[in-house]
Amino acid sequence: MNEPAGGRLLRVVRASVVPLALIALTALAGLVLGRVYAGDLLTRLVIGAAAGSVLVSVAARRLPSWLVAPVSVAAMAGWTLWSLRLAAARAGLPGGLLEVTTDAARNGIPRLLTAMIPVEPTPDTVLVPVVAAWLAGLAGAEVALRSGRVLLGYLPAAGLYAAALYVVGPNAEPAIGVTLAFVAVAAVGLAAPTARPPDGGDPSADLTPGVRAAVRLRLAVSATLGVAVVVGMVALLGPVIAGQVDGRPVDPRRYVQPPQVQTLDENPLIRISGWALHPEQKLLDVTTVGSGAPSAGGAPTGADTGKGPAASGSPATPASDSVRIRLAVLSDYDGVTWRVGATYRNAGRILPASTPARDSAVRTVRQQITVAELSGRLLPAMATPREVSGARVAYDPATGTLIRPEGLSPGLRYTVTSAQERPDANLLATANVPAGPEVARVLRVADGVPEPLRRLAAQLAEENGAPYERAAAIEQFLAEHYRVAADAPSGHAYPNLGYFLFGPRNAGGQAGTSEQFAAAFAVLGRLTGLPTRVVVGFQSGGQGPVRAGDAYAWPEVLFDGLGWVSFNPLPRPDNEPRPVEEDFRPTPEDPPPSEAPAPTVEPTASPEPVAALDGSTGRGGVSTPVLVAGGSGGLLLLVGALLLTLLAMRRSLTRARLGRGDPEQRIVGAWREVTDALRLAGRPVGADLAATEVAGHARHALAAALVTGRRGRPGAAGMDVGGVDELADLLNQVGFAPGAATAAQANRAAEVTTAYVATLRSARPWWRRLLWSTHPAPLRRRPTNHSLR
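Residues numbered from 1 in each chain as written. Predicted model: local features only at pLDDT ≥ 70, side-chain atom pairs only at ≥ 80, totals over all residues. Heavy atoms only, no water.

Caption draft 1: Just the sheet that holds strand β5 (residues 345-347), in detail. The strand order β5-β9-β10-β7 describes an open sheet built from 4 strands, whose pairing is antiparallel. Either end of the sheet is taken by a strand with one partner, and the two such strands are β5 and β7 (378-379). Where β7 lies against strand β10 (residues 401-403), 2 bridges are found, and the strand directions are antiparallel. Within the sheet, the bridge partner assigned to Leu-378 lies in β10 and is Ile-403. (Pairing = 2+ DSSP bridges. Helix = DSSP H or I, 4+ residues; strand = E, 2+ residues; numbered from the N terminus.)

Written out as structure tokens, the structure is:
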């Protein structure tokens, strides 16, 4: 019997309600998740996955159940690959489809939970939602359509919806409207009849009246009890759930560690001295492909204006028309090391826009940068980046700096569009600095500040009241009293800054690289109440190569309404620094009473000569020349005996360190010989440095001594000083693997130490070489235990 057209249409409509409900429920999960994504691409891809999974199950409903899953998974693979390709094209990511898919499969979940809000739909951030939506649609359709259990079939979509809410967390407004829509769609699907009886009648028609009445009564009681349970749960849980509507949900991102920088990148300030020793090393190629005019009035300030003592065009000092490319912003200082301390989140091509300072002009600059020999993960870019293409990046909004989690590699090319802020120089003189918990990080002064450093900061603050005047005074003081030395050793701990500021000039004090200038400015600024930080980067003309000699550090000060303003405390190239003592008073001005000149008393008469007790006038006694000669000879013998004793003690100490004890004791003794040699050469190392840092310091010290033109023994200039690094590795082995050192390694340590000390000694002047072996300092100096790293 042919079914009427109206009945066939009604049956199709009834059969379509549950599949459409499953599609809508799964799509609503994508709509919730899409609130933290940039654009609507993710939502559209999830809707496509929801529709595709359910429709495949509907089309294959006549196939065996075991065959539906493989068919659906094959369709899911096709949709997923197309989605990844589309997302990669939208994000401008390089690489083929296989490479993109492999990377997304390996890093999809961690990058989704560490991505910056709003999340850009890239292959690694859309893979998990698309696959999860397809699997939820497949499972729900099979349970609801094939088994007829509609409520149970809603569980996959409900789980996906709850997971989407959890991933969004507190990063979007509460999804009240979408949740109500989810409940309404689920109710419609449950209310619709799933199937029609085969004969179109009542299924209980064949039962006896008594049995039929009992069945209907049981169904009515069950429905009543079900409604009562639902009403009771609503009454009990409704207030609790309503009270949580305004609560702040948990952010799952706090349980996932974001991308981290390497140890080398955590403190790039220490790389300045190494780059200064190899100024011709090519690090980058920069091409400025476009720039826009400032969007508001204003002019560059500080060193950029060409005003003040720091404006010059020397290689160490940026010219007024140069472009600063930032590598890292260092805001944390513990008295030993300036650190980045940033929290980087995976970001897409479009970076979150920050609000520019109120009284600053903004100019758009677009640069294409190609990496040459720069290593690490920090990605150079002008401040402040707004769009990056050609590289996958992670971004820290607090500092506006970038990293590439995979690390830099030669040939990497990317394009950065930056919003360069230029504060209004006319407002600096009257600008104030912020205070409070928001800037406590950049105002913090670590414990252990040397007293001379405090007195210098107090003197500069006493003479200058306004914040900008204090900053300019610090800038001018450093530029007028100190000089740039490319071979200055690295270090910016309190002892290093103290030696840089107050050390004797003839012993390497009052000279340093931009590392010491910027660090000293930032510390002095914080001591005077200025929020400061240190920036490491490069100066570039905007076109052409950027070399290691273009790397330098500069300080910045935060002003209300103007943002971060850069200063340049480096001296002019033709400036002859004045002695610090001329302008810094380390002691009180009034001399102590003991230094007051005594009154002059005129003698009234000449004293009479006093005769000797024996009545003689000196005749018959020992003559004066004999007494002088005897005393001088005895003094020379005493000095010679002392020098011989010191020489014997020094050699005995060296033999004991290098030849006695177990291999570990001999390696430690060899390390002490190296550190003592550095002290004797005027290049002492601090106790806070790790073994590898001391090794780098030792290499730089020897290179600097040989470069200065001091005559050494033949072949000294060609010595391979890499053995010092090997000695540091042996010391680390002793610390981390006790008992593993061998006699051969101890012999190697002694050989490296002997060669290094001899080469370093030969580079000293002849009169210092004579005193080297008899200097008593190693005998009385307590050994320094450097940290192992």
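Caption draft 2: Geometry of helix α5 (residues 123-146). Over its 24 residues, α5 extends 33 Å from the first C-alpha to the last, a length consistent with the 34 Å expected when each residue adds 1.5 Å. Where α5 ends, the next residue or the one after it, Gly-148, has phi of about 80°, a positive value. (Expected span 1.5 Å × (residues − 1).)

Caption draft 3: Fine view of the packing of helix α4 (residues 97-114) against α5. One way to put it is that α4 packs onto α5 with a least axis distance of 7 Å and a crossing angle of 80°. Relative to α5, α4 is oriented roughly perpendicular. Contact residues: Val-100, Asp-103, Ala-104, Ala-105, Asn-107, Gly-108, Ile-109, Arg-111 and Leu-112 in α4; Pro-123, Asp-124, Thr-125, Leu-127 and Val-128 in α5. (Axes fitted to C-alpha atoms, helices over the stretch in contact; angles between N-to-C directions. Parallel < 35°, antiparallel > 145°, perpendicular 65-115°, else oblique. Contact = heavy atoms within 4.5 Å.)

Caption draft 4: The pairing of strand β9 (residues 393-396), seen in detail. With burial as the criterion, each face of β9 is covered, one bearing Val-393 and Tyr-395 and the other bearing Ala-394 and Asp-396. Summarising the sheet, β5 and β9 pair through 3 bridges and their orientation is antiparallel. Considered in β9, the bridge of Ala-347 is made with Val-393. Bridge analysis of β9 against β10 gives 3 bridges, and the strand direction is antiparallel. Paired with Tyr-395 across the strands is Leu-402, a residue of β10. Connecting β9 to the next strand, β10, in antiparallel fashion are 4 residues, including Gly-400 with a positive phi near 70°. (Buried < 20%, exposed > 50% of the residue type's maximum accessible area, 1.4 Å probe, protein only.)

Caption draft 5: Region of the structure containing the sheet that holds strand β16 (residues 551-559). Pairing is antiparallel in the open sheet, where 4 strands are placed in the order β2-β14-β16-β17. The open sheet has two edge strands with one neighbour each: β2 (323-330) and β17 (563-566). Averaged over all neighbouring strand pairs, the angle between strand axes comes to 40°, with direction disregarded. Note that strand β14 (residues 532-540) and β16 share 7 bridges and pair antiparallel. Bridged to Thr-532 within β16 is Val-557. Here helix α14 (residues 514-527) sits on the sheet in contact with β14 and β16, set at roughly 15° to β16.

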